[in-house]
Amino acid sequence: MATIDMFIDFHAVIATALIMGVSFALFRREALSPDGIDRITGFSFYLSLSVSIVWFAYTLSHISGTAQLGKPLSFCLFLLLYATIVRLAAFLVIRFRKGNKEE
């Protein structure tokens, strides 16, 4: 179980869930179409990128040494990793769904 813990950041999972929730709330009318799902995951990716940049800049302005940089940096990187995984999964689902409909 300890090996899985290094790939999961609880705060990044919560932030990703909240960002996806905001994205679905903004684009809820388009959520059932493939283009809507692409728009939702694209928006959530860029929102995650923005949150990571702002959080990292905030962290840099409030730390006194590089030894304190590990945890905030891991949050930013995991948030981007989770957003990328969600975006890639949605892209593959849309791609294969369109491929199956053409056949």
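Residues numbered from 1 in each chain as written. Predicted model: local features only at pLDDT ≥ 70, side-chain atom pairs only at ≥ 80, totals over all residues. Heavy atoms only, no water.

Caption draft 1: Spatial organisation of the packing of aromatic side chains. Evaluation of the coordinates by the stated rule reveals five aromatic pairs. When the centroid spacing of 5.6 Å and the interplanar angle of 75° are considered together, the rings of F27 and F43 count as edge-to-face. Taken together, the residues span a long stretch of sequence, with F27 in the loop between helix 2 (10–26) and helix 3 (34–62) and F43 in helix 3 at a distance of 16 residues. With relative accessibility at 19%, the residue F27 sits in the buried group. Given a relative accessible area of 30%, F43 falls into the partly exposed group. Summarising the aromatic geometry, the rings of F45 and Y46 are spaced 5.4 Å apart at their centres and angled 70° between planes, so their arrangement reads as edge-to-face. The class for F45 is partly exposed, based on a relative accessible area of 22%. A relative accessible area of 54% means that Y46 is categorised as exposed. (Phe/Tyr/Trp six-rings, centres within 6.5 Å; stacked < 30°, edge-to-face > 60°. Helix = DSSP H or I, 4+ residues; strand = E, 2+ residues; numbered from the N terminus. Buried < 20%, exposed > 50% of the residue type's maximum accessible area, 1.4 Å probe, protein only.)

Caption draft 2: Quick look at the nonpolar core. With eight residues, the main nonpolar core is built from A12, A15, I19, F75, C76, F78, L79 and Y82. Breaking this core down by element, the ones donating at least two residues are helix 2 and helix 4 (70–102). Element by element, the count of residues in this core is highest for helix 4, at five residues. (Core = buried A, V, L, I, M, F, W, Y, C linked by side-chain atoms within 4.5 Å.)

Caption draft 3: Region of interest: a nonpolar patch on the surface. On the surface, M6, F7, I8 and V13 cluster together into a nonpolar patch covering about 400 Å² of accessible area. Summarising the element assignment, I8 is placed in the loop between helix 1 (2–5) and helix 2. (Patch = residues over 30% accessible without salt bridge, like charges linked within 9 Å, V, L, I, M, F, W, Y side chains within 5 Å. Areas by Shrake-Rupley, 256 points an atom, 1.4 Å probe, with all protein chains shown as cover. Salt bridge = Lys/Arg side-chain N within 4 Å of Asp/Glu carboxyl O.)

Caption draft 4: Fine view of helix 2. In this model, helix 2 (17 residues) spans 25 Å end to end at C-alpha, consistent with the 24 Å of a helix rising 1.5 Å per residue. Listing the buried residues of helix 2 in full gives A12, A15, T16, I19, M20 and S23. Burial along helix 2 is one-sided: seen end-on, the buried residues are contained in an arc of 135°. Relative to its buried face, helix 2 has exposed residues pointing more than 90 degrees away, namely F10 and L18. (Expected span 1.5 Å × (residues − 1). Arc of directions from axis to C-beta.)

Interpretation in functional terms is not warranted from these geometric data alone.
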